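Descriptive analysis of the structure
This is what each chain is made of:
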Amino acid sequence: MTMGIGILGCDAIRNELEIVTAGDREVVYREYLEFGLHLEPEQLRKAILEKLESLPAEVDVVFLGYGHCQALKGLPEQVNVPIVMLEYEDCIAAMLTTERYHAEKRNGGITWFYPAGWAANGMPGMVRLFRLDSVEDYAPEYFLKIMFDGFSRCLFIDTGIEGIERLEGNSLEVAEALGLRHERTLGSLDALRAAWQATKELARSLENGRKV
């Protein structure tokens, strides 16, 4: 019997994860959690654990579309369901590699890393991310400018998803609104593909174990 694979990931990289796992018939479950949970690491961990505890019965293996995000390192060893996750500090590092990520952090001031999937909702998405959609008296952009006062640039990461020109336009709009220098770089889905391949191999191993 074929093992069922579940995908639980961050909505910020939904498009990238969909590219990597597209059309795979072994996937029996997909769910993407709200982008921004990583700002409260313990809440993120709680939300993921709750989802893992209530998976459909047909899910045998989980591909967790998250990096460590301050609270998830070692998670596969702490739950009952077999899991493969992105063994990087966060999804930015996974798409740039750890070396490039830290090199860019040292490249001319504080950087707002803005992967294409994050840029899908542009400035409205930034407002929701930082829970500024219910502020009164001042426009949300006023508070965003204060929050980003120490930043110097916005680095748009082209991950090859559909509509990249529109997404880069959103990134430019955010950079201009916040007074940041805008730059662009290419990301890679290689780390996501490697984790997905490891998930498939784990499923094969478990399936073979059942047959013995």
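Notes on the structure in this doc start here.

Thresholds applied
Residues numbered from 1 in each chain as written. Predicted model: local features only at pLDDT ≥ 70, side-chain atom pairs only at ≥ 80, totals over all residues. Heavy atoms only, no water. 1 Å grid on protein atoms, 1.4 Å probe; cavity = no way out; pocket = protein on both sides within 12 Å on 5 of 7 lines; lining within 4 Å. Points joined across faces, edges and corners; volume = space filled by probe spheres on them. Helix = DSSP H or I, 4+ residues; strand = E, 2+ residues; numbered from the N terminus. Nonpolar A, V, L, I, M, F, W, Y, C, P; charged D, E, K, R; others polar. Polar contact = N/O pair within 3.5 Å; in protein donor to acceptor, adjacent residues only side chain to side chain. Contact = heavy atoms within 4.5 Å. Pairing = 2+ DSSP bridges. Axes fitted to C-alpha atoms, helices over the stretch in contact; angles between N-to-C directions.

**Notes on the layout of surface pockets**
Looking at the largest pocket, its volume works out to about 530 Å³. Forming the walls of the largest pocket are 26 residues, and the residues nearest its centre are H38, D90, I92, Y101 and W118. Contributing elements (two or more residues each) for the lining of the largest pocket: α3 (91-96), α4 (98-105) and β5 (110-115). Residue contributions to the lining of the largest pocket peak at four residues, all from β5. For the lining of the largest pocket, a count of residues per class yields 17 nonpolar, five polar and four charged. Roughly 270 Å³ of internal volume is contained in the second largest pocket. Residues belonging to the lining of the second largest pocket are distributed by class as follows: seven nonpolar, five polar and five charged.

**So, the side chain of K200**
Mapped onto the elements of the fold, K200 is located in helix α8 (residues 190-211). A polar atom in the side chain of K200 sits 2.3 Å from the side chain of E26. Non-local contacts of K200, meaning those with residues more than four positions away in its chain, are made with I5, D24 and E26.

**Here we look at the sheet that holds β5**
Strand order in the open sheet formed by three strands is β5-β6-β7, with parallel pairing between adjacent strands. What marks the edges here is a single partner per strand, and that holds for β5 and β7 (181-186). Looking at each pair of strands side by side, their axes are set apart by 25° on average, direction ignored. Looking at chain direction, strand β6 (residues 151-158) and β7 are connected through six bridges and run parallel. Paired with C154 across the strands is H182, a residue of β7.

**Re the sheet that holds strand β1 (residues 5-10)**
If you walk across this open sheet you meet the four strands as β2-β1-β3-β4, and the pairing is parallel. A single partner strand is all that each edge strand has here, and the edge strands are β2 (27-33) and β4 (83-85). Strand-to-strand twist of the sheet, defined as the mean angle between neighbouring strand axes without regard to direction, takes the value 15°. With three bridges connecting them, strand β3 (residues 61-65) and β4 associate as parallel partners. Considered in β4, the bridge of L64 is made with M85. Its contacts with the sheet place helix α1 (residues 14-21) against β1, β2 and β3, and it is angled at close to 165° to β2. Sheet strands in contact with helix α2 (residues 41-53) are β1, β2, β3 and β4, and its direction is about 160° off that of β2.

In short, the description is geometric, and any link to function would need to be established separately.
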